[in-house]
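This is what each chain is made of:
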Amino acid sequence: MTVHFIGAGPGAVDLLTLRARDLIAASQVCLYAGTYVPPEMLEICPPGARRIDTADLTLTEIVAEMVAAHEAGLDVARLASGDLSVFSALAEQMRRLDAAGVPYDLCPGVPAYAAAAAVLRRELTVPTVAQTVTLTRISALATPMPDGEGLAELGRSGGTLVLHLSVHRIEELVAAVSGVHGPDCPAAVVAHASREHQVVLRGPLSSLPEQVRAAGITMAAVVVVGPALAAEHFPDSHLYSDTRAR
């Protein structure tokens, strides 16, 4: 058997990769976070599959389910929101499966920041405006950030800042980022990107706390900050420029 770690994307079933769909359909056990994975995605599971909502389970309990499936000879679809490469708690699960001798593989998915950019109809890297995207989060009520990775330090690099798992601390986030980008910097919050009930908030950075409170957004959202969100006057990319030497 194999544990298939699957990036379930931002939530829309039609944004699953074909590989992800096929792995879910072939796995007799499905572990998913009900907070982020919609019920309609679970309809892909085969008849009789065991569906386990991990939202209230500890890491030990989640891994125990995987080990039990392994011992029973059953494949496992382990769904993670967005893509596995960022903020998926993948590393600690793989470490425990390695120790238990349980095989696994990884299937990437559409990341939350990419879904948010699509909803905003914006490129996060714009010529001469922003060529760097920083993916991070705020440290409050979570695992401490490593030295040098605070919002003030990261913000100084410029570019576009994308914050996951942080909208519930929007006041602190805005205060930290405003010190670098300024309160009038273009910003946006996208909640439940790609789904029917998605919410999009736009405005200067300083306006986000009031907008977020009014919309009642407390989770499943990304915050995007940077001049690329409002860029209009910029040169064409050099690669496609008419003046580029051929």
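Above this note sits the structure.
The shown structure was predicted, so the numbers you read here are calculated from the model rather than taken from an experiment.

1. Examining the pairing of strand 2 (residues 29-32)
Strand residues, when the strand is regular, have side chains that alternate between the two faces of the sheet.
Now for step 1: Side chains V29 and L31 of strand 2 all project onto a buried face; the interleaved residues C30 and Y32 project onto the opposite face, where all are buried too.
Now for step 2: Note: strand 2 against strand 3 (residues 50-53), four bridges, orientation parallel. When the bridges of strand 3 are listed, Y32 appears paired with D53.
Now for step 3: Direction of pairing for strand 2 relative to strand 4 (residues 76-80): parallel, over a ladder of three bridges. Considered in strand 4, the bridge of C30 is made with A77.

2. Focus: the environment of A221
Now for step 1: As for its placement among the helices and strands, A221 is situated in strand 10 (residues 221-225).
Now for step 2: For A221, a relative accessible area of 10% puts it in the buried group.
Now for step 3: As for A221 and P103, which are separated by 118 residues in sequence, their C-alpha atoms are 32 Å apart.
Now for step 4: Ignoring sequence-local partners within four residues, the contact set of A221 consists of L163, L165, V167, V189, V190 and A191.

3. Looking at the sheet that holds strand 7 (residues 160-164)
Now for step 1: Across the sheet, five strands lie side by side as 6-7-10-8-9; this open sheet has mixed pairing. Each edge of the open sheet is held by one strand with a lone partner, namely strand 6 (133-137) and strand 9 (199-204). For this sheet, the mean inter-axis angle between neighbouring strands, taken without regard to orientation, is 20°.
Now for step 2: Across the sheet, helix 7 (residues 170-181) is in contact with strand 7 and strand 10; its angle to strand 10 comes to roughly 15°.
Now for step 3: Packed onto the sheet, helix 8 (residues 208-215) meets strand 8 (186-191), strand 9 and strand 10 and runs at close to 160° relative to strand 9.

Each value, and the rule that gives it
Residues numbered from 1 in each chain as written. Predicted model: local features only at pLDDT ≥ 70, side-chain atom pairs only at ≥ 80, totals over all residues. Heavy atoms only, no water. Buried < 20%, exposed > 50% of the residue type's maximum accessible area, 1.4 Å probe, protein only. Helix = DSSP H or I, 4+ residues; strand = E, 2+ residues; numbered from the N terminus. Pairing = 2+ DSSP bridges. Contact = heavy atoms within 4.5 Å. Axes fitted to C-alpha atoms, helices over the stretch in contact; angles between N-to-C directions.

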